[in-house]
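Here's the letter readout for the chains.
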Amino acid sequence: MSNILLLKKSVNLSLIFLFSYFTVHILYLLFTFALAYLIDLPDVTFYFAYIDYNIEAFTNWSKLKIVLLYGFPNLMMLLSAIIFWVAMKKLSFKYDPKMKNYLLLSMVTCLAFVIGNFIAAPYTAHGIAVVASWYYIKKEVLFIVCTLFWIAIPVIGWCYSKTFMRAAYSRSFLSTKWTRIEFLANTFLLPFMLVSFFMALLLILYPGYNLEYYFSIDFIRVFSLFGILIFIMIFNFNKRYISISSNRELERINYTLFFVGLISLAIIYLSLFIV
């Protein structure tokens, strides 16, 4: 019976993780799409994997437009994380565990997008690297500044280690170091791995996108999120006395939500596929 309950929880958390990552991914593209229109780029098209525009036909570049297109989406991701955080603080794991986890994971994913975009900048030729190039920032300076963003990964893990652990509904999950690690691994890390693999397939199989793009852009974001989850587990290794709520809603699958959610994601993906 316990294995069945664990499977149900993994299915629920995987679906929640998929919803949150999908939402943040589309949000980032939406911000980029809106800013591309704002600076009057020609032939702007919204695809699931990327925003396409005719960069060669556009000659009216300025430093402000470069910042808006290549730097401002990161600020919008940061603002989105704050909005998700404010909404999350109004809910509890006792009464709204699914929505609470959705907002929590969405917030952390937004932060992972920002961190990933910065730590990849010294090694890529897009995003923050383009802004740095237009402002004549030396590679060494860019490398030092972007390296500092690695520190944000353990900091976020430390700040939200207790919050993630409050998803537990029984003191048995807090009893030893390894039961806490096992709970976090089954509840968050396993669904994250499944969703990451699924999202990677959606992106890599998308026309015009390939492994090179994935590993230079999206993989860095996934790696940042993975690092945050690992540090959350590390900081929960020592015994923590926290308040938890005995709500086992995550072990009950809402089949209507399950199928409606997956159908909605499929419609969005296919709609952007055939644009």
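Overview of the structure. (Residues numbered from 1 in each chain as written. Predicted model: local features only at pLDDT ≥ 70, side-chain atom pairs only at ≥ 80, totals over all residues. Heavy atoms only, no water.)

In this section: the pattern of salt bridges. Within the structure shown, the criterion is met by one salt bridge. With a shortest N-O distance of 3.5 Å, R221 and D218 are connected by a salt bridge. Of this pair, R221 and D218 are both found in helix α9 (residues 211–235), three residues apart, which corresponds to roughly one turn of the helix. The two residues R221 and D218 agree in class, both being buried. (Salt bridge = Lys/Arg side-chain N within 4 Å of Asp/Glu carboxyl O. Helix = DSSP H or I, 4+ residues; strand = E, 2+ residues; numbered from the N terminus. Buried < 20%, exposed > 50% of the residue type's maximum accessible area, 1.4 Å probe, protein only.)

Moving on, we get to the packing of aromatic side chains. Within the structure shown, the criterion is met by 28 aromatic pairs. Between Y47 and Y50, the aromatic rings sit 5.3 Å apart at their centres with planes inclined by 45°, giving tilted as the arrangement. For Y47, a relative accessible area of 18% corresponds to the buried category. Through pairs of rings, three or more aromatic residues link up here, namely F22, Y47, F48, Y50, Y206, Y209, Y213, Y269 and F273. Above the ring of Y135, the side-chain terminus of K63 is found at 5.0 Å from the ring centroid. The residue whose ring lies beneath R221 is Y28, and the NZ or CZ to ring-centre distance is 4.5 Å. (Phe/Tyr/Trp six-rings, centres within 6.5 Å; stacked < 30°, edge-to-face > 60°. Lys NZ or Arg CZ within 6 Å of the ring centre and 35° of its normal.)

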